[in-house]
Number of protein chains: 2
Amino acid sequence: MLAASYVGDRTIDVREVAVTPPGPGEVQIEVAYAGICGTDLHIFHGSMDQRVTTPATIGHEMSGRIAAIGSGVEGWAVGDAVTVMPLAWDGTCPACLAGNTHICQNLDFIGIDSPGALQERWNVPAGVLVRLPEDLRLDHAALVEPVAVAVHDVRRSQLVPGEKVVVIGGGPIGVLIASVARASGGEVAVIELDPARRAAVADLGFTTLDPTATDQVAWVNEWTGNAGADVVFEVSGAAAAVLGATDLAKVRGRLVVVAIHSVPRPMNLHRVFWRELTIIGARVYERQDFEGAVRMLAEGRIPADALITAIEPLTATSDAFLTLESGKAMKILIDVQSERRR
Amino acid sequence: MLAASYVGDRTIDVREVAVTPPGPGEVQIEVAYAGICGTDLHIFHGSMDQRVTTPATIGHEMSGRIAAIGSGVEGWAVGDAVTVMPLAWDGTCPACLAGNTHICQNLDFIGIDSPGALQERWNVPAGVLVRLPEDLRLDHAALVEPVAVAVHDVRRSQLVPGEKVVVIGGGPIGVLIASVARASGGEVAVIELDPARRAAVADLGFTTLDPTATDQVAWVNEWTGNAGADVVFEVSGAAAAVLGATDLAKVRGRLVVVAIHSVPRPMNLHRVFWRELTIIGARVYERQDFEGAVRMLAEGRIPADALITAIEPLTATSDAFLTLESGKAMKILIDVQSERRR
């Protein structure tokens, strides 16, 4: 079979590797589609070389069908449509014992710390499978993982229907958070610097703001009757956005930090005090978020077609990374079975 | 009567002013004791000259007895022991309408924005009175306001009995938070740089940590079985403390920002994300916090005698500010009736 692997030095190799049967407790998935995300791009850039073991078959956003079942696995049949919640926890650390398995202190993130979905046949422990409804298209289903991130972020925000929400950053995760927040009853405005992205977000029916042209604090105050936003999601990763985000929130408003900030960021703690704000960290997802994401995609509440910029064959994985790097695409899926069908 | 007023230029004048009878809806309090706090010191230093109108009779921590009652006031009698919750809200701004009157967007903080307790007779709206039990000493009762701050901070943290708590900063508010957290069932450790303050905190039965001598992260991990603290209170106001505070908290731990940071502070948002931390802003108090503070002081659960370093006569108010400025005192009370008794 073919597998796409990061081999270091900004290089993804697609090469023939042996198929191994699923071990006890495992299933083998025929991967249909795999999405490439920002973390994969970080790996491609070498920023995570300390963490990944090369050659690394990466990829953790996917959909597929069960191709084979290992011994001791119950409740699944060959042909079942599935996705994977790519977290393996130890079950014994303090975080796991407190019930927060998704933030296990020794978490194995499948597709980063262990082999991922960019291979034609992928063996995974049966416990990570999430069932897909038959009427959910498999290309759309490859978005379940990032949608689950957005569902988790919105759940962490404790959003209540009717609340006003500002999303800072209109990339793929920003758009998904905006979509989930809207589907959850929020009124949503998205702040985005890039004109093309801003136009794409506006096409999805969201109010958009160009922070270079509009005083965002004045705009939000006007929009909210001088109260401020109930919830702000910081998805841009920019230092200036973090510093300004606290000015957008109402008294007792919530700011969810979604973007990954690898260096300390100046924050306006005076505003946090003055308005009794709450800043909430959010990481990955729990099973209920995955199930919520499947439901939202199946119900058509996520603009999946608008988000999927392109679907490329497995052999073009390297080019797909370069396109994503250029910032010109929202989401690129890899058609993992493309060579099998030739 | 005599009143102590900030007149600018690091000067407090004690001078004779006319007594005015309480207006409709007001009561006149014979102030017994007034405490001086960090905010008063900021005013003395001129840092709040933009906000206060000089001459400014400041002071917002106090106890006393009702001396006269204005028209239309019910439920109070001359001689009743009282303290004051020094907040006046407009009742019409978005924060008030949402029920957060204590963070009114146009809050009048009595004793800062309007005249305070450093006068022999003080007229206040009856609505700000809080009743004191007869068996609570009036010197101890002058601590109700700062204890209410601590009760509010601990309530914002959602502390549950048995949780492990780190308080960064062992000044008056740090000690009060530690005391309230302990009285609420928390196990408390206090981090404090200053040896004298650290010794005073240890004398109150708290575990203390010198961050220059002990690796605080390793210590907390050892203390918590490698989990991290459930709750961290940042009370020091130091930039380094803010940056390091996130490393002390467990997965889903809470960090309450109590100190007032007048400039943006670098924060480790990667840790906030990685451990799904919550950062909570806390400001002043609500009536239930005041009532909780009265109860705790009456029950002897706050080390009031240990906290009150000295009680000085009204005429020595200026010297009391200088002593407090030197960092050698925890809490200094002014005996406001000292000249009346001569």
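In case you missed it, the structure is sitting above this.
Residues numbered from 1 in each chain as written. Chains lettered and ligands numbered in written order. Predicted model: local features only at pLDDT ≥ 70, side-chain atom pairs only at ≥ 80, totals over all residues. Heavy atoms only, no water.

(A) Broad picture of the overall build of chain A. Per the secondary structure count, chain A includes twelve helices and 18 strands. Radius of gyration (C-alpha) of chain A: 20 Å, near the 20 Å computed for a compact globule of 342 residues. By its C-alpha atoms, chain A is 60 × 45 × 40 Å across when sized along the principal axes. Long-range pairs, those at least 24 residues apart, make up 68% of the contacts in chain A between residues at least 6 apart in sequence. As displayed, chain A has an accessible area near 13,200 Å², and 50% of this comes from carbon and sulfur atoms. Here chain A contributes 28 positive and 41 negative side-chain charges, whose respective centroids are spaced 4 Å apart. (Helix = DSSP H or I, 4+ residues; strand = E, 2+ residues; numbered from the N terminus. Rg over C-alpha atoms; globule rule 2.2 N^0.38 Å. Contact = heavy atoms within 4.5 Å. Areas by Shrake-Rupley, 256 points an atom, 1.4 Å probe, with all protein chains shown as cover. Lys, Arg positive; Asp, Glu negative; His and termini not counted. Charge placed at Lys NZ, Arg CZ, Asp CG, Glu CD.)

(B) Here's a closer look at the packing of aromatic side chains. Evaluation of the coordinates by the stated rule reveals eight aromatic pairs over all chains. Arranged with centres 4.9 Å apart and planes meeting at 80°, the rings of A:Y285 and A:F290 form a pair that is edge-to-face. A:F290 matches A:Y285 in its accessibility class, with the two residues each being buried. Between B:F44 and B:F321 the ring centres are 5.0 Å apart and the planes differ by 40°, which places this aromatic pair in the tilted class. With B:F44 in helix α1 (residues 38-44) and B:F321 in helix α12 (residues 317-325), this pair connects stretches of sequence that are 277 residues apart. For B:F44, a relative accessible area of 1% translates into the label buried. The positively charged end of B:R283 is found above the aromatic ring belonging to A:W274, 3.5 Å away from the centroid. (Phe/Tyr/Trp six-rings, centres within 6.5 Å; stacked < 30°, edge-to-face > 60°. Buried < 20%, exposed > 50% of the residue type's maximum accessible area, 1.4 Å probe, protein only. Lys NZ or Arg CZ within 6 Å of the ring centre and 35° of its normal.)

(C) Representation of the packing of helix α4 (residues 144-156) of chain A against helix α5 (residues 172-183) of chain A in the model. Residues and elements named next belong to chain A. Two numbers describe how α4 lies on α5: the axes approach to 8 Å, and their chain directions differ by 55°. One way to sum up the angle between α4 and α5 is to call them oblique. The chirality of how α4 crosses α5 is right-handed. Contacts from P146, V147, V149, A150, V151, D153 and V154 of α4 reach α5 at I173, L176, I177, V180 and A181. (Axes fitted to C-alpha atoms, helices over the stretch in contact; angles between N-to-C directions. Parallel < 35°, antiparallel > 145°, perpendicular 65-115°, else oblique. Left-handed = near helix turned anticlockwise from the far one by under 90°.)

(D) Quick look at the sheet that holds strand β14 (residues 249-257) of chain A. The twelve strands lie next to each other as β12(A)-β11(A)-β10(A)-β13(A)-β14(A)-β16(A)-β16(B)-β14(B)-β13(B)-β10(B)-β11(B)-β12(B), forming an open sheet whose pairing is mixed. The open sheet has two edge strands with one neighbour each: β12 (207-209) of chain A together with β12 (207-209) of chain B. For this sheet, the mean angle separating the axes of adjacent strands, direction not counted, is 20°. The sheet contact formed by strand β11 (residues 187-191) of chain A and β12(A) spans three bridges and is parallel. Looking at the pairing, A:V190 lines up with A:T208 of β12(A). (Pairing = 2+ DSSP bridges.)

(E) How the structure looks around the pairing of strand β16 (residues 278-281) of chain B. Neither face of β16(B) is open: one carries B:T278 and B:I280, the other B:I279 and B:G281, and all of them are buried. Two elements, strand β16 (residues 278-281) of chain A and β16(B), share three bridges in a ladder whose sense is antiparallel. Note on β16(B): the bridge partner recorded for A:I279 is B:I279. Here strand β14 (residues 249-257) of chain B pairs with β16(B) via four bridges, running parallel. Paired with B:V257 across the bridge in β16(B) is B:G281.

(F) Representation of helix α5 (residues 172-183) of chain B. All names here are of chain B. Spanning twelve residues, α5 covers 16 Å between terminal C-alpha atoms, matching the ideal 16 Å at 1.5 Å per step. The element α5 is largely enclosed, with a buried count of nine among its twelve residues. Within α5 the residues assigned to the buried category are G174, V175, L176, I177, A178, S179, V180, A181 and A183. Just downstream of α5 lies G185, where phi reads positive at about 100°. (Expected span 1.5 Å × (residues − 1).)

(G) Layout of the side chain of A:E276. Among the secondary structure elements, A:E276 is positioned in the loop between α9 (269-274) and β16. Here A:R252 takes part through its side chain, which lies 2.8 Å from a polar atom of the side chain of A:E276. Here the side chain of A:E276 touches B:H152 through a polar contact of 2.5 Å, side chain to side chain. Those residues within four positions of A:E276 in sequence are excluded, and the remaining contacts are A:R252, A:R271, B:H102, B:I103, B:H152, B:R156, B:G281, B:A282 and B:R283. (Polar contact = N/O pair within 3.5 Å; in protein donor to acceptor, adjacent residues only side chain to side chain.)

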